[in-house]
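# Commentary on secondary and tertiary structure
Each chain, written out:
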Amino acid sequence: MATKFLEKNLEDIIFESDADELSERGLEIYGKLYRQFNLGEYGIADLVLYHKCEYDIEKMSSHRADCLVTVFELKRKLIDINALMQAVRYVTGLIFYNKKHYKNYTFQYKIVLIGSEIDSKPEFLYFPELIISNYQNTQLDIDKIVGIEFVKYSYGLDGINFDYPYPYLYNELRQLNKK
């Protein structure tokens, strides 16, 4: 009898796996990862990643922060507008949390939505690009969402694999995270 794959199983796999193994399977996570991050009235985020940003001083621009914080919202099945708005709520909570606990640092935020299916309505798929393009033109993108990624997972006999089905979304930001 096969067991049902649950959202908690997805969280366990991501949290407990080695970063290099996840990268080989298509999901790149670099930094300090926390699970079930309690944000009080804003809810409990599945996974939150703090990644210290290190930049080449000659390439540094006004669009840099000390740390990139990534909120991972995991769904067993469909990623939709509700999942996105839930993650936005967590980012809002993290902004307040970080201002209170890390006053001497600046932060940027990214959302990664992971599920086995992605809502294919164009108004949902292109919504993140609208948000991000507005932020990219500001002088300093501190305390802003600078990236939203959709990731599909598949789970089979060879284990779990991750895929970015919309490669036009935020490839540059994903490359920055590798450093």
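A few points on the structure. All figures in this text were calculated on a predicted structure; none of them were measured in a lab.

### Regarding the sheet that holds strand E2 (residues 44-52)
- Pairing is mixed across the open sheet formed by six strands, whose spatial order is E1-E2-E3-E5-E7-E8. In this open sheet, the two strands that pair with only one neighbour each are strand E1 (32-38) and strand E8 (159-163). Going across the sheet, the axis of each strand differs from the next one's by a mean of 30°, ignoring polarity.
- In terms of strand pairing, strand E7 (residues 145-156) meets E8 through five bridges, oriented antiparallel. Paired with Tyr153 across the strands is Phe162, a residue of E8.
- Against the sheet, helix H1 (residues 7-16) touches E1, E2, strand E3 (67-74), strand E5 (107-115), E7 and E8, its axis set at about 150° to E1.

### Concerning helix H3 (residues 81-101)
- Between its terminal C-alpha atoms H3 stretches 30 Å, which fits the 30 Å expected from 21 residues at 1.5 Å a residue.
- What H3 keeps buried is the set Ala83, Leu84, Gln86, Ala87, Tyr90, Val91, Gly93, Leu94, Ile95 and Asn98.
- The backbone nitrogen of Asn82 has a side-chain oxygen 3.1 Å away, supplied by the residue at the start of H3, namely Asp80.

### Things to note about a nonpolar patch on the surface
- Taken together, the side chains of Ile81, Met85 and Phe127 present a nonpolar region at the surface, about 240 Å² in accessible area.
- Its place among the elements puts Phe127 in helix H5 (residues 127-136).

### Notes on the nonpolar core
- Grouped together as the largest cluster of nonpolar side chains are 26 residues, with contacts concentrated most on Tyr50, Val69, Leu94, Tyr109, Ile111, Leu113 and Phe124.
- For this core, the secondary-structure elements that each account for two or more residues are E2, E3, H3, E5, helix H4 (122-125) and E7.
- When neighbours within four sequence positions are excluded, Leu94 is seen to be in contact with Phe37, Leu39, Val48, Tyr50, Val69, Val71 and Tyr109.
- Residues Leu27, Leu33, Val112 and Val151 belong to the second largest nonpolar core, which totals 18 residues.

### Brief notes about the environment of Ser120
- With respect to the secondary-structure elements, Ser120 resides in the loop between strand E6 (117-118) and H4.
- Taking relative accessible area as the criterion, Ser120 reaches 56% and is therefore assigned exposed.
- Put simply, Ser120 and Asp80 are 40 residues apart on the chain and 8.7 Å apart in space, counted from C-alpha to C-alpha.

Scoring rules and cut-offs
All chains use their own residue numbering, which begins from 1 and follows the written sequence. Reporting in this predicted model follows two pLDDT cut-offs: at least 70 for local features of residues, and 80 or more for side-chain atom pairs to be given and counted; totals over whole chains, interfaces and linings ignore these cut-offs and use all residues. Side-chain figures throughout are based on the complete set of non-hydrogen atoms in the structure, without hydrogens or water. What makes two strands pair is DSSP finding at least two bridges between them. Helix and strand definitions here come from DSSP, where helices need a minimum of 4 consecutive H or I residues and strands a minimum of 2 consecutive E residues; each element is numbered from the N-terminal end. Axis angles are defined between N-to-C directions and span 0 to 180 degrees, where every axis is a line fitted to C-alpha atoms and, for a helix, only to the segment in contact. In what follows, residue pairs with any heavy atoms lying within 4.5 Å of each other are defined as contacts. Take the residue count of a helix, subtract one, and multiply by 1.5 Å to get its expected span. Burial status follows relative accessibility: with a 1.4 Å probe on protein chains alone, a residue under 20% of its type maximum counts as buried, one over 50% as exposed, and anything between as partly exposed. Whenever a nitrogen or oxygen atom comes within 3.5 Å of another N or O atom, the pair is scored as a polar contact, on the condition that within protein one atom can donate a hydrogen and the other can accept it, and that pairs from neighbouring residues in sequence are kept only if both atoms are in side chains. Like charges within 9 Å and nonpolar side chains (Val, Leu, Ile, Met, Phe, Trp, Tyr) within 5 Å are joined into patches, using only residues over 30% in relative accessible area that form no salt bridge. Only the protein chains shown count as covering a residue, and every accessible area follows the Shrake-Rupley method with a 1.4 Å probe. Salt bridge, as used here, is a side-chain nitrogen of Lys or Arg placed within 4 Å of a carboxyl oxygen of Asp or Glu. We call a set of buried residues a nonpolar core when its members are Ala, Val, Leu, Ile, Met, Phe, Trp, Tyr or Cys and they connect through side-chain atoms within 4.5 Å of each other.

Taken by themselves, the reported measurements are silent on function.
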